[in-house]
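Structural description and commentary
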Amino acid sequence: VDKGWDVLVESLDSQIPHFYQLMDGNSSAKNPHGQSYADQLKKMHLAMFAYHDFKTKDTDKAFDHLSKAYKLKMLALPPYNSAIEKQRVDTVKQIFHTGFWSMGAGSTSKTPIFIIGFVRSGSTLLERILDAHPQIVGTGEDSVMNGRLDYIRNEIVDASRSGDPRELSDTIDVLADFVTDTTIDRWKKTSKTNKGQRTPKRFVDKMLTNYMNIGFIHLLFPNALILHVAREPMDTIFSAYKHDFPPGGLDYTSDFQSLAHMYDHYRTIMDHWDNVLPGRVTHVRYNDLVRDMPTVAKSIIKATGLEWHDEILNFHKRKQAVNTLSTTQVRKGIYTDSIQAWMKYEEHLQPLVKM
């Protein structure tokens, strides 16, 4: 729209001070309007960040608006508890040690493919490439493994208490079948294009935080492909920081210290899996994927055990919803703009770099 930015900026320049006055006048904890004004201000600052980031290229003004937006967002959140997150990581490392999986149990199925990694690492791109294969379906973050982990863990613990290796092995097989069957049933119920279609041979589970659950994944599916998509650390962290995620588990990406802790815990647990299950996780470098997609894609499809199809190279032309913040980028196809994108904000990100 001609002069569209000018109209928006002029409006926001007048509204932002006004909304700060409204927020200050309703700052009482019993007044729900204060948080509503803070949320509106956050959105205004994010719009101004986009304006300066994209239009004026003024990184100082852009980052000022971005940091103000997230300070407002953090006002509504309880303090991040790094100790609890560290305890979770330590517990996983203590339980899943070298030799834990020596019982040799687990399904022979290769039906599930697990994509794991840190948020904003390029996982949606990887899933769409896999989904372009005629025998693979991407299920997004509708993860049966993650969603029913408590049930899976409790069943394994109960079977372990019996002291009967056969009972434990049978339980693991039943749980693996449960995960696979439930995934297929969900696909049959939700897919609009599966009428008369043969059931795909592979289903992609893209719940990134399953990196905490690799111990259970390997226990149930020792032959399933686990793909860890890894992006350059600062590109990953800055991309996570600048995106306003819906309320939930990613709230703390809006703060330097909590974001740095989250990333550090993620790297710690990934290093652990490489140590206790060497070679089990297939690492996919995002930079390699965008710079030489055909070569990397062919290698990944080979790892699935399926044949290559040239139509995969046109993955971005397929009409399928991508319900993440990566939607627009994925539909553009392969692009390298995001590599080293953090560098233009290097000065402002120094506190995060040092963490």
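What you see is a predicted model; the values in this text were computed from it and never measured.

This next bit is on the overall build of the chain. In terms of helices and strands, the chain carries 15 helices and 5 strands. Taken over the C-alpha trace, the chain has a radius of gyration of 23 Å; the compact-globule value for 355 residues is 20 Å, and the two agree within 12%. Along the first, second and third principal axes, the C-alpha set of the chain runs to 70 × 45 × 40 Å. Scored against the burial criterion, the 355 residues of the chain give a buried share of 47%. When the accessible surface of the chain is totalled, it reaches about 18600 Å², and 50% of it is carbon and sulfur. Averaged over its 44 positive side-chain charges, the chain has a centre that lies 4 Å from the centre of its 43 negative ones.

Judged by pairing direction, the sheet is parallel, and its 5 strands sit side by side in the order 2-3-1-4-5 without closing on themselves. A strand with exactly one partner marks an edge of an open sheet, and here the two such strands are strand 2 (136-138) and strand 5 (282-285). On average, each strand axis in the sheet is tilted by 25° relative to the strand beside it, whichever way the strands run. Here 3 bridges tie strand 1 (residues 112-116) to strand 3 (residues 202-205), and the two strands are oriented parallel to one another. Its bridge partner being in strand 3, Ile113 is matched across the sheet by Val204. Strands strand 1, strand 2, strand 3, strand 4 (225-230) and strand 5 of the sheet are contacted by helix 13 (residues 293-304), whose axis makes an angle of about 155° with strand 4.

What counts as what
- Residues numbered from 1 in each chain as written.
- Predicted model: local features only at pLDDT ≥ 70, side-chain atom pairs only at ≥ 80, totals over all residues.
- Heavy atoms only, no water.
- Helix = DSSP H or I, 4+ residues; strand = E, 2+ residues; numbered from the N terminus.
- Rg over C-alpha atoms; globule rule 2.2 N^0.38 Å.
- Buried < 20%, exposed > 50% of the residue type's maximum accessible area, 1.4 Å probe, protein only.
- Areas by Shrake-Rupley, 256 points an atom, 1.4 Å probe, with all protein chains shown as cover.
- Lys, Arg positive; Asp, Glu negative; His and termini not counted.
- Charge placed at Lys NZ, Arg CZ, Asp CG, Glu CD.
- Pairing = 2+ DSSP bridges.
- Axes fitted to C-alpha atoms, helices over the stretch in contact; angles between N-to-C directions.
- Contact = heavy atoms within 4.5 Å.

These results come straight from atomic positions and should not be treated as a statement about function.
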